[in-house]
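Letter by letter, the chains look like this.
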Amino acid sequence: MTNIKSIYLHVPFCTNICNYCDFCKMYYNDKFFELYYLKLLEEIKKYKVYLNNTFKTIYIGGGSPSSIGINNLEKILKILDLKKEDDYEYTVELMPLDITEDLLKLLRKYGVNRVSIGVETINKKYQKLFNREIDKEVLTSKINLTKKYFNNINLDLMYAFKDQTIKELEDDINYILSFDIEHISTYSLILENNTYLKYSNYKEIDDSISSQMYFYVKQKLESIGYKHYELSNYAKNKVSKHNLVYWNNEEYLGLGLSASGYIGDIRYTNTRNLDKYPLNIENERLNKKDKMTYFMILGLRKIEGINIKEFEKLFNKNIYM
Ligand SMILES: C[S@@+](CC[C@H](N)C(=O)[O-])C[C@H]1O[C@@H](n2cnc3c(N)ncnc32)[C@H](O)[C@@H]1O
Ligand code: SF4
């Protein structure tokens, strides 16, 4: 049996819906949560055999796991109250406006040791455009409160908006840098299908400008001492162990609406439809060639690239032949 050491659990609820976002999410609602939770318990039965393992990384993402209220969040944390390695990493994604002292205490109680917060931009013009209006003072107080409880924090930055200037981007980066946190994820805006932004005739910026901004972000963060270790990710000392599981093509259990997982020879994806969940809508059985392809595609996202010796050991094959 495969020795799964990582879990991703998807919580498909938010208190606010941003109009660029294509993640699987719905407005939080008691009834839908109850249904999701019962179905999650049903799904977990399928993977019971793995839950006695000792875990290296756990990641609760969304949506906004912080949007479901303390009691519901505790139900989820109880499911994931599993054996962990000494240097485990346990991350939960937080929408800034949901952050409270009680929420942070609860996360600590269940062994969460890393949180990831969406800052995106502090520019009021873009916040309004994206339906994500967060007052800068409130945002600052939420991040400072989080810093009292966690010393491994990621902040998300979004950039490459239509008409965004380098000065505006610099202001957002300086804001994020002012918190002196461990990790920064940077995403150029993708105009996703089925989003309000897409339907509202918003035009993506030119690739060449987006690329200039990518290098601006890189140069700025590296000059402050952040290491660029994956296309979108920078860390001072603590890289994201969980995300490295994906990029190193290691197995993981994926739970929850729309979640993906990789177990043995199968990569699977759950439905995004709450009525049909916990149905898998994709089950890709991988042969050796598929596994080599994933190893390369995922591994090349890392700035250090792939490990040739590891490739040859895993696949018993010379990489150049
Ligand atoms: C699940 S959210 C993070 C947690 C929380 N829901 C929040 O928004 O604060 C994941 C992140 O993906 C990024 N993201 C979402 N949609 C995107 C898009 N269309 N283009 C680029 N980045 C996007 C944002 O940086 C966002 O913070
Ligand atoms: S960006 Fe975060 S808060 Fe906004 S809709 Fe997506 S998951 Fe929800």
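Everything numeric in this text was worked out from a predicted model, so none of it was measured.

So what about the overall build of the protein? Which residues, and what values?
Helix and strand content of the protein: eleven helices and 14 strands. Whereas a compact globule of 321 residues would reach a radius of gyration of roughly 20 Å, the protein reaches 20 Å, a difference of no more than 12%. C-alpha atoms of the protein, sized along the principal axes, occupy 55 × 50 × 40 Å. Residue burial in the protein is summarised as follows: out of 321 residues, 53% are buried. The contacts of the protein with a sequence gap of at least 6 include a subset with a gap of at least 24, amounting to 69%. Looking at the protein, you have 46 positive and 43 negative side-chain charges, and the mean spots of the two groups are 3 Å apart.

Residues and numbers for the site of ligand 2, please.
The environment of ligand 2 is formed by Cys-14, Asn-16, Ile-17, Cys-18, Tyr-20, Cys-21, Lys-25, Gly-63, Ser-64, Met-95 and Arg-132. Across the shell around ligand 2, the residue classes tally to six nonpolar, three polar and two charged.

Please set out the environment of Leu-103 residue by residue, giving values where relevant.
Mapped onto the fold, Leu-103 is located in helix H3 (residues 101-109). A sequence separation of 80 residues divides Leu-103 from Phe-23, and the C-alpha atoms of the two residues are 23 Å apart. Each residue touching Leu-103, except ones within four places of it in the same chain, is listed here: Ser-66, Ile-70, Leu-73, Leu-94 and Asp-98.

Break down the site of ligand 1 for me, with residues and values.
Taken together, 19 residues form the shell around ligand 1, and within it Ser-64, Glu-120, Arg-132, Asp-156 and Ile-190 come nearest. Between ligand 1 and Glu-120 there is a distance of 2.4 Å, counted from an oxygen atom to a side-chain nitrogen or oxygen. Contact distances for ligand 1 include 2.9 Å between a nitrogen atom and a backbone N or O atom of Ile-190. Among the elements of the structure, strand E5 (83-94), strand E6 (114-120), strand E7 (153-159) and strand E8 (183-188) are those that each provide at least two residues to the shell around ligand 1. Residues belonging to the shell around ligand 1 are distributed by class as follows: nine nonpolar, five polar and five charged.

Explain the pattern of salt bridges residue by residue, including any values.
In total, this model carries 14 salt bridges according to the counting rule given. Among the ionic pairs, Lys-56 bridges to Glu-250, the shortest N-O distance being 3.0 Å. Taken together, the residues Lys-56 in strand E4 (residues 54-62) and Glu-250 in the loop between helix H9 (241-247) and strand E11 (253-255) connect sequence positions 194 residues apart. Glu-250 sits in the partly exposed class, given a relative accessible area of 30%. Between Glu-222 and Lys-218 there is a salt bridge; the shortest N-O distance is 3.0 Å. Here the residue Glu-222 and the residue Lys-218 both occupy positions in helix H8 (residues 207-224), the gap between them amounting to four residues, near one helical turn.

Go over the sheet that holds strand E1 (residues 6-11), please, and point to the residues and values.
As summarised here, the arrangement of the nine strands in space is E9-E10-E8-E7-E6-E5-E4-E1-E11, forming an open sheet in which the pairing is mixed. One side of each edge strand has no neighbouring strand; the edge strands of this open sheet are strand E9 (227-230) and E11. Here the average twist between neighbouring strands, direction ignored, is 20 degrees. With six bridges connecting them, E4 and E5 associate as parallel partners.

Could you give me a rundown of the packing of aromatic side chains, with the residues and numbers involved?
The tally for this structure, following the rule as stated, stands at 19 aromatic pairs. Between the aromatic rings of Tyr-28 and Phe-33, the centroid separation amounts to 6.4 Å while the plane-to-plane angle is 45 degrees, which identifies the pairing as tilted. We classify Tyr-28 as partly exposed; its relative accessible area is 24%. Classification of Phe-33 by relative accessible area gives buried; the value is 0%. A ring pair is formed by Phe-311 and Phe-315, whose centres lie 5.0 Å apart and whose planes are at 55 degrees; its orientation type is tilted. With Phe-311 and Phe-315 both in helix H11 (residues 308-315) and four residues apart, the pair spans about one turn of that helix.

Here is what the cut-offs are and how they apply
- Residues numbered from 1 in each chain as written.
- Chains lettered and ligands numbered in written order.
- Predicted model: local features only at pLDDT ≥ 70, side-chain atom pairs only at ≥ 80, totals over all residues.
- Heavy atoms only, no water.
- Helix = DSSP H or I, 4+ residues; strand = E, 2+ residues; numbered from the N terminus.
- Rg over C-alpha atoms; globule rule 2.2 N^0.38 Å.
- Buried < 20%, exposed > 50% of the residue type's maximum accessible area, 1.4 Å probe, protein only.
- Contact = heavy atoms within 4.5 Å.
- Lys, Arg positive; Asp, Glu negative; His and termini not counted.
- Charge placed at Lys NZ, Arg CZ, Asp CG, Glu CD.
- Near = heavy atom within 4 Å.
- Nonpolar A, V, L, I, M, F, W, Y, C, P; charged D, E, K, R; others polar.
- Polar contact = N/O pair within 3.5 Å; in protein donor to acceptor, adjacent residues only side chain to side chain.
- Salt bridge = Lys/Arg side-chain N within 4 Å of Asp/Glu carboxyl O.
- Pairing = 2+ DSSP bridges.
- Axes fitted to C-alpha atoms, helices over the stretch in contact; angles between N-to-C directions.
- Phe/Tyr/Trp six-rings, centres within 6.5 Å; stacked < 30°, edge-to-face > 60°.

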